[in-house]
Amino acid sequence: MTGGSRQGARGRGAPNLYDPARKRTWSTVPRRPKEEEIVVDHRQPPGPPWIRTAALFVVAALAFAACGGSTPTTAPATSSPPASGAPQPSSPAATPAPVDTTFTYANHTQIVTDLDPATSYSNEVCAMHDIYETLTRYDAVTNKVMPALARAWTSSADGTTWTFTLRSGVTFHTGRAMDAAAAKAAIERTKTLGQGAGYIWGAVKTIEAKDPQTLVFTLEYPAPLDLIASANYAAYVYDTDAAGPGAGEDALVAWFKTGKDAGTGPYTIASWKAGEEFELTLDQYADYWGGWDGVHYTKVVYRVVPEVTTAAQLLQSGDVSYVDRLTPQLVGSLKDNPDLQVVETPSFQNVVALLNTKSGPLADPNVRKAVAKSFDTIGIASALGGSVAPATGVIPRGLIGYSDSLTGAGLDLEGAAALLAKSGFGPGGKPLTISVTIVSGDTDLSLITTSLKSNLAKLNITLDVQPLQWQAQWDRAKSADVAKRQDVFLMYWWPDYADPFSWFFSLFHSEETPNFNLAYYSSTTLDAEIDGIQALTATNRDQAAAEYVKMEQQLIDEAVVVVPYVQNYQRVLQASVGGFVDNPAYATVVFAYDLTPGP
Amino acid sequence: MRRILVRRGLQSLLVALGVGLLAFLITRLLPGDAAATWAGPRASAEELARVRLQLGLDRPLPEQAFRYITDLVSGNWGISIHTRQPVLSDVSGRFMTSLELVTIALLIAALIGIPLGVLAARWKGRPPDWFAGLTSSVLASVPIFWLGLLLQLLIATELKWLPVAGRWDRTLNEVAVAATRTHMVLVDALFAGNGALFVSGLSHLVMPALVIAAYPIGLFARLTRAGLLETMGEEHVRMARATGYTERAIIWRFALRPSMGPVLSALALVFGFALGNTFLVENLFNFQGLGSYAVDSIAALDAPAIAGTTIFVALAYLAANLVVDLARPVMDPRLRDAGR
């Protein structure tokens, strides 16, 4: 009835208030309403109308809620909490839940930058080891190099000739057979391109495919090739003819860019959508040499989830199987959840504080040693909870050369004050200001500087903390003008393969132009030791370990570096995932084939 | 109308040029060496020189600026350092995703905010007005990141009414990827005729859209209330009232539309504001839109991507302003008449 009367009021020749010629009726002077439209006192409406309106709002809200309740959630078919609060059947007679064989890996950043196995040197490594395989694999539990594509290997007494015996019956995802000639072609291409971590093959002079199963490496100088062949990057064996036999380098590069793969691993790329949330999906490779007997994950999905709180909630709702990184507080809050498991493993990644040995106040060894003695490594580790462990030296536990008997590191403010007094500084002496640069936004590094600042203040030293973007921090450290360089440089370091060599070669070997030796340290003794350590690792690992300990002690004694802590990996995954072992040699990799999906 | 269009078009062009130059400055003022960022930490000097040549960093600055602007016009927005994809295709695809989110958010804001403002004006000084005032104040002032977390915890984790995050259910991933045409999940689902994807996409859009809508709801409610109260005193409304129309009829038929001027004017501003809010909301709700792209670009110091995002947002903002300027006379003929 009301509708009818509204119709009647529209456009029936009523005059327009602003433009009589206009047909639009928004501002027409209304005709006199019909009786039923007239109210007695429209300016003072009684109570009920607004209550009715409020009631309408409530009804609308309830309707929305009801609609929301019927909306399907993203909960997976298995291992998810009950939807809409429905009770989960718990009786033994209940039908067992089906096993979800899709493993969803939540990563905090975009996954793929480069899918070319020769040059890949970024986040995609988390997926690369499920697609590609290396000749050997480092076992972080036994600290030994284990067979992978090579089932055995030997080295000559001087460590310059390495012979690998390859598995037979292995095929690339392209369908071609993986043999010694194919492996030789892959490693030679990676070495020749020399991008990313391609430098790891630097010692290799020639590679010979003696027969389909025998690969012989001749080295320029002795090197631990079994360790090198297990590297996290650039050690993959792949089909260099993937784009077609003789297609050429450009064609192969273009082929990889389209999101295809040429590995031998248990999974192959099903889809790659750059910039999407479900960025990368891998399907099982049916002809995988390891076979598919037993229960395995048949699909691996890499999902980009930048926000840690969101990742934690997706874990709880069962939408992801595994999260690579959460805050210690979030990990703590998830530890009691029976649907989840928390795995904490010491990593091969530590924080290094490089002290400027060449210029500024720290060029004075007394001041430098005093600053080194002001790092409260135990206190910092304690404040950061389970996400870190105090370090004993440069080399993390699990690598050759690790030692817990190094001396001279740790907080000693009295000793620091005595050292400073020798140079006229310290309490009662001349005031001093030193600078430290860190990557901005890293709260863990900020905590280190806060602790250091507090301790140095007691020694009459002001610490100028300068958070910078990584590139700016690094550029400043490399500045040709030594006056622009920082006094203390804080950063993370980790090896490209399970060997401490990169810490020593990159951070402490003399450099004409600074690159990563940002302590600007130069010692002919240490240089000679570093130059000989790879040969020693190749031929006598016990002796190499002793040599590493000696080098570490020298660095501590000369206060070149302080290692505040080693990071612990805190992984959270569904309780239904069986067989997970975190391998710090492959920092972000989950070897999905080794896992067992459960209900 | 044509005069308005030409004038606004020229103004927009000048602003776009200014933003382009500003974006160029961003690419050159960012700390660090762009070539070093591109080439990676272990690049050799030769490789750095090659990249510098490839990126045109060896040319004089004015020439670089000129080339940058001409490249922008010709559609060459450079290559993103962190995705290694063309910036224009990255940004335009991501923008469509954000546009869908912001459009739904503004629709929600209009559907809730305007009635709330009407409620407040209709019962000025009475409990509904107090309720509307309080609601709009709370919504306009609540930090959106906190609101997002609260909704996630309450609606998704506890009540399980809506999904926690993402753009569609993971079981629909292959369907969704295959259906991608416009980067707007609802539109793609309609094109593909996939009801399940549409429902899933909508259910994933509701919560982040509500969070983005929070501030506009409050703003729309306040502007509608103020505009309506002003219009209610105007001659044509008084005439309608004198003829005995109900207060409801007076508001909805005679007063509301001419009161919408301030709301429309604010719409362009709110659109820009909502786009800015996607930086936080998309990260929280795992939307791969322009906001999360900008966050990733900033984190990676990806100068071409940061510049591209800046330009795209500026252009979108200009377009929104233009649309609003053109829409206002449609809503209020007095402005149309004044424009003559």
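Data block above holds the structure.
Residues numbered from 1 in each chain as written. Chains lettered and ligands numbered in written order. Predicted model: local features only at pLDDT ≥ 70, side-chain atom pairs only at ≥ 80, totals over all residues.

So what exactly am I meant to see when it comes to the overall build of chain B here?
Within chain B one finds 16 helices and 0 strands. Here the C-alpha coordinates of chain B stretch approximately 85 × 55 × 40 Å along the principal axes. When each of the 340 residues of chain B is scored for burial, the buried share is 46%. Within chain B, contacts between residues at least 6 apart in sequence are counted, and of these 71% link residues at least 24 apart. (Helix = DSSP H or I, 4+ residues; strand = E, 2+ residues; numbered from the N terminus. Buried ≥ 20, exposed ≤ 12 C-beta atoms within 10 Å, placed from the backbone. Contact = placed C-beta atoms within 7 Å.)

For this particular structure, what's the right way to read helix 11 (residues 235–242) of chain B?
Three or four residues apart is the spacing at which side chains of an α-helix point the same way, because the helix has 3.6 residues per turn. All names here are of chain B. Among the residues of helix 11, H236, V237 and A240 are the ones counted as buried. Mapping the buried residues of helix 11 onto a view down its axis gives an arc of 100°, with all of them on the same face. Projecting away from the buried face of helix 11 at angles above 90 degrees are the exposed residues E235, R238 and A242. Each element contacted by the buried residues of helix 11 is listed here: helix 10 (195–231) and helix 12 (247–255). Just beyond helix 11, the residue with positive phi is G244, at close to 95°. (Arc of directions from axis to C-beta.)

Explanation requested: unusual backbone geometry in the structure shown.
What you tend to see is this: most non-glycine residues have negative phi, and most peptide bonds are trans. Residue A:A234 is not a glycine yet carries a positive backbone phi of 65°. Tracing the chain through its elements places A:A234 in the loop between helix 5 (225–228) and strand 9 (236–237). For A:A234, a count of 26 C-beta atoms within 10 Å translates into the label buried. A positive phi angle, near 60°, is found at B:K160, a position not held by glycine. Mapped onto the elements of the fold, B:K160 is located in the loop between helix 7 (144–158) and helix 8 (173–179). In this structure B:K160 comes out as buried when scored by C-beta crowding, with 22 C-beta atoms within 10 Å.

Just checking my understanding: could you explain the pairing of strand 16 (residues 432–439) of chain A for this structure?
In the case of a regular strand, side chains alternate between the two sheet surfaces. Residue and element names in this part refer to chain A. Direction of pairing for strand 16 relative to strand 17 (residues 461–468): parallel, over a ladder of 8 bridges. Bridging across to strand 17, S435 finds its partner in D464. The handedness of the strand 16 to strand 17 crossover, carried by helix 12 (residues 443–457), is right-handed. Alignment of strand 16 against strand 18 (residues 488–493), held across 2 bridges, turns out to be parallel. Residue pairing in the sheet places V436 in a bridge with V488 of strand 18. (Pairing = 2+ DSSP bridges. Right-handed = clockwise from strand over helix to strand, strands pointing away.)

I tried to follow the packing of helix 9 (residues 365–372) of chain A against helix 11 (residues 413–422) of chain A on my own but got confused; where do I start?
A pair of packed helices is characterised by two quantities: the angle between their axes and the separation of those axes. Residue and element names in this part refer to chain A. As a packed pair, helix 9 and helix 11 sit with axes 8 Å apart at the nearest point and diverge in direction by 165°. The angle between the axes of helix 9 and helix 11 places the two elements in the roughly antiparallel class. As for how helix 9 packs across helix 11, the hand of that crossing is left-handed. Residues N366, V367, K369 and A370 of helix 9 form the contact with helix 11, whose participating residues are A416, L419, L420 and K422. (Axes fitted to C-alpha atoms, helices over the stretch in contact; angles between N-to-C directions. Parallel < 35°, antiparallel > 145°, perpendicular 65-115°, else oblique. Left-handed = near helix turned anticlockwise from the far one by under 90°.)

Got a minute to help me understand the nonpolar core in this structure?
In summary, soluble globular proteins display a tendency toward joint burial of nonpolar side chains. With 240 residues, the main nonpolar core has A:L355, A:L490, A:V561 and B:A105 as its most contacted residues. The two domains that each donate at least three residues to this core are domain 2 (105–339 + 575–597) and domain 3 (347–568) of chain A. One finds B:W168, B:L172, B:A189 and B:L197 within the second-largest nonpolar core, a separate group that totals 8 residues. (Core = buried A, V, L, I, M, F, W, Y, C linked by C-beta atoms within 7 Å. Domains from an automatic or database assignment.)

How should I be thinking about helix 5 (residues 87–122) of chain B in this particular structure?
Look at helix 5 of chain B: 50 Å from first C-alpha to last across 36 residues, which is about the 52 Å you get at 1.5 Å a residue. Across the 36 residues that make up helix 5 of chain B, a large majority, 26, are buried. (Expected span 1.5 Å × (residues − 1).)

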